[in-house]
Amino acid sequence: MSIHPGTAAKGKAPESQTSANAPKVRRRSPTRVNPALYLFPLPAVAVVAFFLVMPTLQAFQYAITDWNGFSAAFNYVGLDNFIRAFTKDSLFTNALTNNLKFVLLVVIAQTAFSLVLALLLTRNSRGSILLRALFFFPTILSSVSVAFIWKFIYDPNFGLANSVLRTVGVDGGAYLGNDAQALYWVAVTQVWFHSGQMMVVYIAGLQAIPRELYEAAEMDGANKWQQFKSITWPFVAPATSIVVAYTTVQSFKAFDLILGIAGNPPKAALDILSTRIYSTFANSEFGYAAAQSIIFMAMIALVTWLQRRLLRLTPKGE
Amino acid sequence: MSQISRRQAVALLGAMGFGAAAAACAGPGGSTKPGGATGPAAPSTGAVTGRVSFAHWRGEDKAVFDELIKRFAAQHNGVEVAQDISTSNDYNAQALQKLRGGSIGDAFATFRGAQFKNFTEAGIYTELKDSKAVGNYQKGLLSAGRNGDSQLGLPYQVVFPMPMANVDLFDKAGAEIAPKNWDAFLGMCEKLASAGVIPISWPGGDVGNGGQLFNCMIANNAPVDDMCAQIEQGKLKCTDDWFIKMLNQYKDLKPFVQPNATGTAVEPAQNLFSQGKAAMLATGSYHIAAVRGLGAKFPIDLVFPNTTSDGNGKYEGAYNATFILGVNSASKNQAAAAAWIDFLSEPENAGYYANQTAQHVSVDKVEYTNPDLKRLSPWLQKKTALAARFQFQNLDVRNAVEASATAVISGTSPEQAAAAAQKIVDERL
Amino acid sequence: MLASLSRRAILAIYAVIIIVPLTVVAFGSFKSTQELFAGPFSLPHSLSADNFAEVVGGQNLGSSFMNSAIVTGISVPLTLFLASLAGYAVSRLKGFMAWAIFGFLVLGMAIPAQANMVPLYVLFGRLGLLDNLAGLVVANVVSTLPIAVFILGGFMRTLPKELYEASSIDGSGPWKTYFSIALPLSAPSIAAAAIFLFVIHWNELLYPLLFIQSPGNRTLPLALLSFQGEFQTNYPLLFAGVILASLPVVIAYVFLQRYFVAGITAGASKG
């Protein structure tokens, strides 16, 4: 099947070569591309196309039906599922609001924390390296593990948080049992979980800043804040946009953490889009679940796009 | 350039053809089990041998079942029973998909209510009304497994989703363990509170267990027995007077549950009870073994929160017949699976299960040697309501309705909580 | 002065926030429930391995561990192999095709797993990939191929073209160049990607939750999640499970820490 370009050289002909005693080497000019190279990405492309892209496109097809996942019969219902999700399903809109609240909180807190930690640990001293390793550690745990740890911490009767607070005479409340606060406590867990990861990204950015700039600024009499504004921040801005984007997508998903900490299915106060989609799927409403998942994708895209606009508007720029 | 465009064209054609094939591959539409159309048939007969997969959710009973399996295998040559256990939440959510293929769950158990109905509609059950087993059960306790004229499943366990009571603490406080009406119940709580214990330990942070109290609270308040089914169908509403009255009674309980009850998980709630810090544990008799395992040595009885004002309620308690045994119509080894069910249904084996796991069974003529079971066996004769929360088919609806009670304990007004729950129900009608 | 003091204070507080929960978990795994509830901070009375025994024997964590090991042991190398092939091709091809292939593969990063999980479930069902480890391997490879291509492709692009030209003058075909030049030179990037993928695949929960039905086929995170049944929240048992499940990743972290970090920076940076 491979379509070979003719061996008639399209590139530069070799210069001093007599046809008689030139070695019969299949000379490929540096600008010619070996067509066999096209076979290299083929397995990856096939796998991604068949198992990733196609099902995603398929989701669009499911979304306009009312299929329940096992019968042979189903109907095409047009945009009904989408309309239902936004107008007739307060569990869905609740999950949507929760998700947005959660993402906003986590992005702000995690970006701030990781930046602060990175600023404090930029130098490569022994202590800094040790602390960096420690702060990064939670990221490698599975989210179910983190969920269990924090479930215990938040237990109002025997858990860590209230045990500690009780020694100073304070009752921290029900934490996850308090519907008005529950989501915020899970946000705290998420920030604990991943701040170390983002800290590393910031450190990479910060370590690229040449020391001389700071020294020069010192000599000019700039104070720490001015140094931060004019030297650090411009270098850190690209890292920030990465951290914000990555954290957004990561916290949008947060599926594993919520299931581990709130159970399956989670109560309304802790329900987010990914868990709502899963509940709908487990309830045998495949068509509706697919519609919800498309809305989910659109939400992520929208929020990510909005962020990039917002961050570009800040004067520091890239 | 022309080569590249030729390549592109080939790629494009490939993609289109591929896309068409793919659409055929994963488009919606499946195959319903043919069994569903013609009605359940009796399990096929044959030699009792080979591998039987027994699917259920009670990990805590695994060791006891293992022993019973040994005895079963001794009776039949070459038979092997393997337990396939998931947690109850997982089982509730996923068992249908898992069993449909027939590779696990030759014999299986289901929850009452929604799961039983789903399985029935999907044609998973076989007809057991002519089986050897069915005659061993107490007639009145078979309804949970019945569909029309067919006996599709055999409800094995009888549990009482009523608060357990620490009899010693009650005696010490001079509190009445069988209050005749709601005021008496509240009076009993006050006596316990003044004796320095938490009257009720309630695991509000756990939906499955925290909701058991609901069965008791709604039993005498509702105008009909299938009130939950009717709520789900829209014939009754959460905003009706009787429901709001029940929510107000939940509000009455607020001072008597432990602090931060809505965040309390099961183990901590059990611990409060087993350590003698709380006089009652508002879950059910299925927790007796767990509580004993945590070190509780005191005698345990059950208390019914009598919600009536005059003591003339229809019911004096609540029970649930669950762990409905069935034989999978998609199984390749139905004869052996049916034999396993028959074996479990014999009084001697059912008795072993009951006494070892501290649960009552619906099998007749069982001798209870476990002291806790013995003490509670009078409840088997009382007029108890079949636990209503299992009438809900839609999990979202059930969670919303039960959440109204939790919200009231958190401090929301009953009217508001009822309206919020009814909104979710309305959306799903 | 103040700055250095507050710096120390902030770092100390955060260090405590990280260490304390982890220590409580470690201690707790050796306690019984009553002991844990009596005092979460105390040292355990005895280093009793009861919980660990129960978790491995009674709850079959051992077989879940094996399943996780098998799945991860296959999906990580497989992903790396396919991604390196694609990355190599993309670094050598020119113009539109290179951009198109790279873009197509990397675009997958933008698609969240929940977006295609329903059709994927149906597809797997029809292909017989439900409820077995092969299906999990496929799911892992597919979901991480985009980012693996991003990391490896990004790195390979930075390799100087002269290296390739030298070898093609020698007459070697692309295969040989790939094996003898591109791969060895990409070793740091491959190592970083390998660790990155290892953590993701080992901790994967959604796909096993979706696809695995028999308890015998569960991987660790799913087995761990299944611990919290409706009727038990046995914290010490959960903690023992958490420790066992995290052991491989933690050990890898202790010895290969810099690769973890490299993977994050490679994956997050714009290449």
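**Looking at the overall build of chain C**
Phase 1: Of the regular secondary structure elements, chain C holds 13 helices and zero strands.
Phase 2: Oriented by its inertia axes, the alpha-carbon framework of chain C measures out at about 75 × 65 × 30 Å.
Phase 3: Taken across its 271 residues, chain C has 56% of its residues classed as buried.

**What to know about the overall build of chain B**
Phase 1: Along chain B, the regular secondary structure elements total 18 helices and 13 strands.
Phase 2: Split into buried and exposed, the 429 residues of chain B put 54% on the buried side.
Phase 3: For chain B, the proportion of contacts with a sequence separation of at least 24, taken over those separated by at least 6, is 76%.

**Let's talk about the interface of chain A and chain C**
Phase 1: On the chain C side, the residues contacting the 68 residues of chain A number 67 residues.
Phase 2: Residues of the side of chain A that touches chain C, tallied by class, amount to 53 nonpolar, eleven polar and four charged.

**As for the sheet that holds strand 9 (residues 278–281) of chain B**
Residues and elements named next belong to chain B.
Phase 1: Overall, mixed pairing links the four strands, which are arranged 8-9-7-10 in an open sheet. Of all the strands in the sheet, just strand 8 (198–201) and strand 10 (300–302) have a single pairing partner and so form its edges. With direction set aside, neighbouring strand axes in the sheet form an average angle of 30 degrees.
Phase 2: The pairing of strand 7 (residues 164–166) with strand 10 spans three bridges and is classified as antiparallel. Within strand 10, the residue paired with Asn166 across the bridge is Ile300.

**Looking at the environment of C:Pro160**
Residue and element names in this part refer to chain C.
Phase 1: Here Pro160 shows up in the loop between helix 7 (133–157) and helix 8 (161–169).
Phase 2: What makes Pro160 exposed here is the crowd of 9 C-beta atoms within 10 Å.
Phase 3: As for Pro160 and Ser91, which are separated by 69 residues in sequence, their C-alpha atoms are 10.0 Å apart.

**As for unusual backbone geometry**
Residue and element names in this part refer to chain B.
Phase 1: Phi angles above zero are rare outside glycine, and Phe323 is one such case at about 55 degrees.
Phase 2: Counting through the fold element by element, Phe323 comes out in strand 11 (residues 317–327).
Phase 3: A residue is classified by how many C-beta atoms lie within 10 Å of it, and Phe323, with 25 of them, is buried.
Phase 4: Here the phi dihedral of Lys365 falls at roughly 60 degrees; this positive angle occurs in a residue that is not glycine.
Phase 5: Mapping Lys365 onto the fold places it in the loop between strand 12 (360–361) and helix 16 (371–376).
Phase 6: Judged by the 11 C-beta atoms lying within 10 Å of it, Lys365 is exposed.

**Some details on helix 1 (residues 42–63) of chain A**
Phase 1: End to end, helix 1 of chain A covers 30 Å across 22 residues, agreeing with the expected 32 Å (1.5 Å per residue, within 8%).
Phase 2: Along helix 1 of chain A, the sharpest change in direction is near 40 degrees and occurs at A:Ala49.

**Things to note about helix 7 (residues 182–206) of chain A**
An α-helix turns once per 3.6 residues; consequently, residues spaced three or four apart project the same way.
Phase 1: Its 25 residues place the ends of helix 7 of chain A 35 Å apart at the C-alpha level, agreeing with the 36 Å of an ideal helix rising 1.5 Å per residue.
Phase 2: Approximately 45 degrees is the largest bend angle found in helix 7 of chain A, and it occurs at A:His194.

**Considerations on the packing of helix 4 (residues 61–92) of chain C against helix 10 (residues 187–202) of chain C**
Residue and element names in this part refer to chain C.
Phase 1: Following both chains from N to C, one finds helix 4 and helix 10 inclined at 140 degrees, their axes separated by 9 Å at the closest point. Between helix 4 and helix 10, the angle falls in the class oblique. Here the hand of the crossing between helix 4 and helix 10 comes out right-handed. Contact residues: helix 4 offers Ser68, Val71, Thr72, Ser75, Val76, Thr79, Leu80 and Ser84, while helix 10 offers Ile190, Ala193, Ala194, Leu197, Phe198, His201 and Trp202.
Phase 2: Taken together, the residues of the contact of helix 4 with helix 10 sort by class into nine nonpolar, six polar and no charged.

**Section: the domain arrangement of chain C**
Residue and element names in this part refer to chain C.
Phase 1: Examined at the domain level, chain C breaks down into domain 1 (1–48) and domain 2 (66–268).
Phase 2: Here the C-alpha centroids of domain 1 and domain 2 sit 33 Å apart.
Phase 3: Contacts between the two partners involve eight residues from domain 1, matched on the other side by seven residues from domain 2.
Phase 4: Contributing elements (two or more residues each) for the side of domain 1 that touches domain 2: helix 1 (2–28) and helix 2 (33–38).
Phase 5: With three residues, helix 1 is the single largest residue contributor to the side of domain 1 that touches domain 2.
Phase 6: Taken together, the residues of the side of domain 1 that touches domain 2 break down into three nonpolar, four polar and one charged.

**As for the nonpolar core**
Phase 1: Counting 316 residues, the largest nonpolar core has A:Ala44, B:Trp340, C:Ala86 and C:Leu145 as its most contacted members.
Phase 2: Broken down by element, the residue count for this core peaks at 17 residues, all from helix 13 (residues 235–268) of chain C.

Cut-offs applied
- Residues numbered from 1 in each chain as written.
- Chains lettered and ligands numbered in written order.
- Predicted model: local features only at pLDDT ≥ 70, side-chain atom pairs only at ≥ 80, totals over all residues.
- Helix = DSSP H or I, 4+ residues; strand = E, 2+ residues; numbered from the N terminus.
- Buried ≥ 20, exposed ≤ 12 C-beta atoms within 10 Å, placed from the backbone.
- Contact = placed C-beta atoms within 7 Å.
- Nonpolar A, V, L, I, M, F, W, Y, C, P; charged D, E, K, R; others polar.
- Pairing = 2+ DSSP bridges.
- Axes fitted to C-alpha atoms, helices over the stretch in contact; angles between N-to-C directions.
- Expected span 1.5 Å × (residues − 1).
- Bend = angle between axes of the 7 residues up to and from the residue.
- Parallel < 35°, antiparallel > 145°, perpendicular 65-115°, else oblique.
- Left-handed = near helix turned anticlockwise from the far one by under 90°.
- Domains from an automatic or database assignment.
- Core = buried A, V, L, I, M, F, W, Y, C linked by C-beta atoms within 7 Å.

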